Amino acid sequence: MKRNVTSVSGDPGEGDHGSGRRPPIDKRTGGNGEGDGDNWDDRPVGSRGPRERIDQYRIGLGFSLSVILMFFIGLTVAFIVTKSNYHFDPHFNYINSWRATPVPRILWFNTAALLLSSIAAEIARRSMFRENDAMDEWIGLGRPISRRATIWLSVALALGIVFLAGQADAWQQIAAQPAFLRNNTSSKFFYIFTVIHAIHLLFGLGALVAALVGLRNSRRFATRQVLVDTTVWYWHAMGVLWVCLFCLLEFCQ
């Protein structure tokens, strides 16, 4: 007798690649709202469908991002304390050695490039969770969604590279003033903030490349969804972090 491998909720199991059943797309991950009887709450305890896998990866990503956030909060506190540090000379003159570093104008362009990159990445992420478009890909009739997401992730990757190239130009502009760099603490903070953020952004670029490779080579649609989703959320976090750092450097010196 043939055994039925359909799960209790009626959704395909983790090893199911099609057979004409409805693809288990969680609309909540796509930002398109609830509904249409997905019945995710009926899934048996311990079952690891696409939503459960995405939730697990998001939790792990959240912990990693919280560590990064705490690190930058510590740097920001050091920035504020150092900026506010002053003393009085023997003649009771107020002395503060802090001089604001003039922020290169290219940082405005870099910020715009990174925000556009984040928008392109979000379009790719949302496209992976549109149920009507996902049917053909789920049952193996093609990869229309993955091809569309590949285009937008490639745009995001290119704009991310443009951002880093712009940052390198900004560093050169600051370095062209050696006396200012050597004697001013604010310029050192400029380098600390921007270089450490650039290092974290490089990890994001690597994740984008990995997601693009996964979209091309991974045989499981659910795996491609997880790759794109977690990568794009990390990319968004780096974008938000940069906007905060840019505002700190531009307006709070």
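The structure this text deals with has already been given above.
A. Main features of the overall build of the chain. For the chain, the count of helices and strands is eight helices and two strands. Reading the secondary structure of the chain in the N-to-C direction produces α-α-β-β-α-α-α-α-α-α. Split into buried and exposed, the 253 residues of the chain put 42% on the buried side. Counting only contacts in the chain whose residues sit at least 6 apart along the sequence, the fraction spanning at least 24 positions is 76%.

B. Geometry of the nonpolar core. In this structure, Phe 72, Met 128, Leu 153 and Phe 193 are the most contacted members of the largest nonpolar core, which totals 50 residues. Mapped by element, the contributors of at least two residues to this core are helix H2 (50-84), helix H3 (106-127), helix H4 (131-138), helix H5 (144-175), helix H7 (185-217) and helix H8 (221-251). When residues of this core are assigned to their parent elements, the largest contribution, 13 residues, is made by H8.

C. Here's a closer look at the packing of H5 against H7. At a minimum axis separation of 10 Å, H5 and H7 run at an interaxial angle of 160°. By the criterion of interaxial angle, the relationship of H5 to H7 is roughly antiparallel. The two elements H5 and H7 cross, and the hand of that crossing is left-handed. Partitioning the contact of H5 with H7 into residue classes produces 23 nonpolar, eight polar and no charged.

D. Structural detail: the packing of H3 against H5. Between H3 and H5, whose axes approach to 8 Å, the crossing angle comes to 165°. As summarised for this structure, H3 and H5 are arranged roughly antiparallel, according to the angle between their axes. In the crossing of H3 with H5, the sense of the turn from one axis to the other is left-handed. For the contact of H3 with H5, a count of residues per class yields 20 nonpolar, eight polar and two charged.

E. Expanded view of the pattern of salt bridges. Applying the stated rule across the entire model yields five salt bridges. The partner of Arg 58 in a salt bridge is Asp 229, with the nearest N and O atoms 2.8 Å apart. One end of the pair, Arg 58, is in helix H2; the other, Asp 229, is in helix H8, with 171 residues separating them in the sequence. Of the residues examined, Arg 58 reaches a relative accessible area of 25% and is grouped as partly exposed. Close ionic contact of Asp 229 with Arg 125 constitutes a salt bridge, the shortest N to O distance being 3.1 Å. With Asp 229 in helix H8 and Arg 125 in helix H3, this residue pair connects regions lying 104 residues apart in the sequence. Shared partners join several salt bridges into a network, and the residues in it are Arg 58, Glu 122, Arg 125, Arg 126 and Asp 229.

Definitions and cut-offs
Residues numbered from 1 in each chain as written. Predicted model: local features only at pLDDT ≥ 70, side-chain atom pairs only at ≥ 80, totals over all residues. Heavy atoms only, no water. Helix = DSSP H or I, 4+ residues; strand = E, 2+ residues; numbered from the N terminus. Buried < 20%, exposed > 50% of the residue type's maximum accessible area, 1.4 Å probe, protein only. Contact = heavy atoms within 4.5 Å. Core = buried A, V, L, I, M, F, W, Y, C linked by side-chain atoms within 4.5 Å. Axes fitted to C-alpha atoms, helices over the stretch in contact; angles between N-to-C directions. Parallel < 35°, antiparallel > 145°, perpendicular 65-115°, else oblique. Left-handed = near helix turned anticlockwise from the far one by under 90°. Nonpolar A, V, L, I, M, F, W, Y, C, P; charged D, E, K, R; others polar. Salt bridge = Lys/Arg side-chain N within 4 Å of Asp/Glu carboxyl O.

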